[in-house]
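# Fold and geometry: a report
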Amino acid sequence: VFPVTIKAESPGYIHEVITHETIHAVQHYKKMSTAYARAVTAKQFGPKSKTAYYSEPMEREATLSGLVAQLRKTFNSHLSNIGTEIEKGKTNNVIRYYIIKLETFLKSISIFAKTPPENYLKHKELPLPAPIAHREEFFDVLSKNPKLRREYQLKLTKLSEDMITDAKEFLKKYNQSLSYT
């Protein structure tokens, strides 16, 4: 992918990039706009080329898919930690700690998906959820276009709802529950 620049990145980010590039590999049959092609070959991104780049359907699909894969990976890691601690016979306080970490993660994604992006991007009133904080530029471009904003908000809302349902089912097996729904 980009072996020199990616070596220092986190495993989660590397996973996201691999997913992103895999999506591009299966998109080879799709046509790209001239503006997108120029943006891809540009040495530096200006505001116009960033908009062309991130607004392109191919790039949006690949970037959102990579982010969803990263969020799912983080979610599965939280579930794995809870399951491991329960199986080790840890106390309820330890188990509750990991459930609260899961809840915090789920809430951050749910709130991000439903909150006007200006609160995160322009006014900086809220921090971007950790697993997607490195994609501020992407969300900034998409948030300026109502159609694209709605697209990512719907995708992340659906993902959030699915993860909450999955978490409830997982915790139910261990006689545990989320403290919110």
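Conventions we followed
- Residues numbered from 1 in each chain as written.
- Predicted model: local features only at pLDDT ≥ 70, side-chain atom pairs only at ≥ 80, totals over all residues.
- Heavy atoms only, no water.
- Salt bridge = Lys/Arg side-chain N within 4 Å of Asp/Glu carboxyl O.
- Helix = DSSP H or I, 4+ residues; strand = E, 2+ residues; numbered from the N terminus.
- Buried < 20%, exposed > 50% of the residue type's maximum accessible area, 1.4 Å probe, protein only.
- Phe/Tyr/Trp six-rings, centres within 6.5 Å; stacked < 30°, edge-to-face > 60°.
- pLDDT = per-residue confidence, 0-100.
- Axes fitted to C-alpha atoms, helices over the stretch in contact; angles between N-to-C directions.
- Parallel < 35°, antiparallel > 145°, perpendicular 65-115°, else oblique.
- Left-handed = near helix turned anticlockwise from the far one by under 90°.
- Contact = heavy atoms within 4.5 Å.

### What to know about the pattern of salt bridges
Applying the stated criterion across every chain yields a total of nine salt bridges. Measuring nitrogen to oxygen at the nearest pair gives 3.1 Å for the salt bridge that ties Arg-60 to Glu-151. Placement of Arg-60 in helix 5 (residues 57-87) and of Glu-151 in helix 9 (residues 146-172) is noted, with a sequence separation of 91 residues between them. The class of Arg-60 is buried, set by a relative accessible area of 9%. The salt bridge partner of Glu-103 is Arg-96, with a shortest N-O separation of 3.3 Å. Take Glu-103: its relative accessible area is 4%, and that puts it in the buried class.

### Focus: the packing of aromatic side chains
In total, this model carries nine aromatic pairs according to the counting rule given. Look at Phe-112 and Tyr-152: their rings are 6.1 Å apart centre to centre, the planes differ by 25°, and that puts the pair in the stacked class. Residue Phe-112 is found in helix 6 (residues 92-114), and its partner Tyr-152 is found in helix 9; the two are separated by 40 residues along the sequence. For Phe-112, a relative accessible area of 1% corresponds to the buried category.

### Some thoughts on the confidence of the model for the protein chain
Looking at the protein chain as a whole, its pLDDT mean stands at 85, while 89% of the residues score no less than 70. Looking over the protein chain, one finds the lowest element-wise mean pLDDT in helix 1 (residues 3-6), namely 56, and the highest in helix 9, namely 95.

### Observations regarding the packing of helix 6 against helix 9
Interhelical geometry of helix 6 versus helix 9 gives an angle of 160° and a closest axis separation of 8 Å. In terms of axis orientation, helix 6 runs roughly antiparallel to helix 9. In the packing of helix 6 onto helix 9, the handedness of the crossing is left-handed. Taken together, the residues of helix 9 that come into contact with helix 6 (itself represented by Ile-99, Leu-102, Phe-105, Leu-106, Ile-109, Ser-110, Phe-112, Ala-113 and Lys-114) are Tyr-152, Gln-153, Leu-156, Thr-157, Ser-160, Met-163, Ile-164, Ala-167 and Leu-171.

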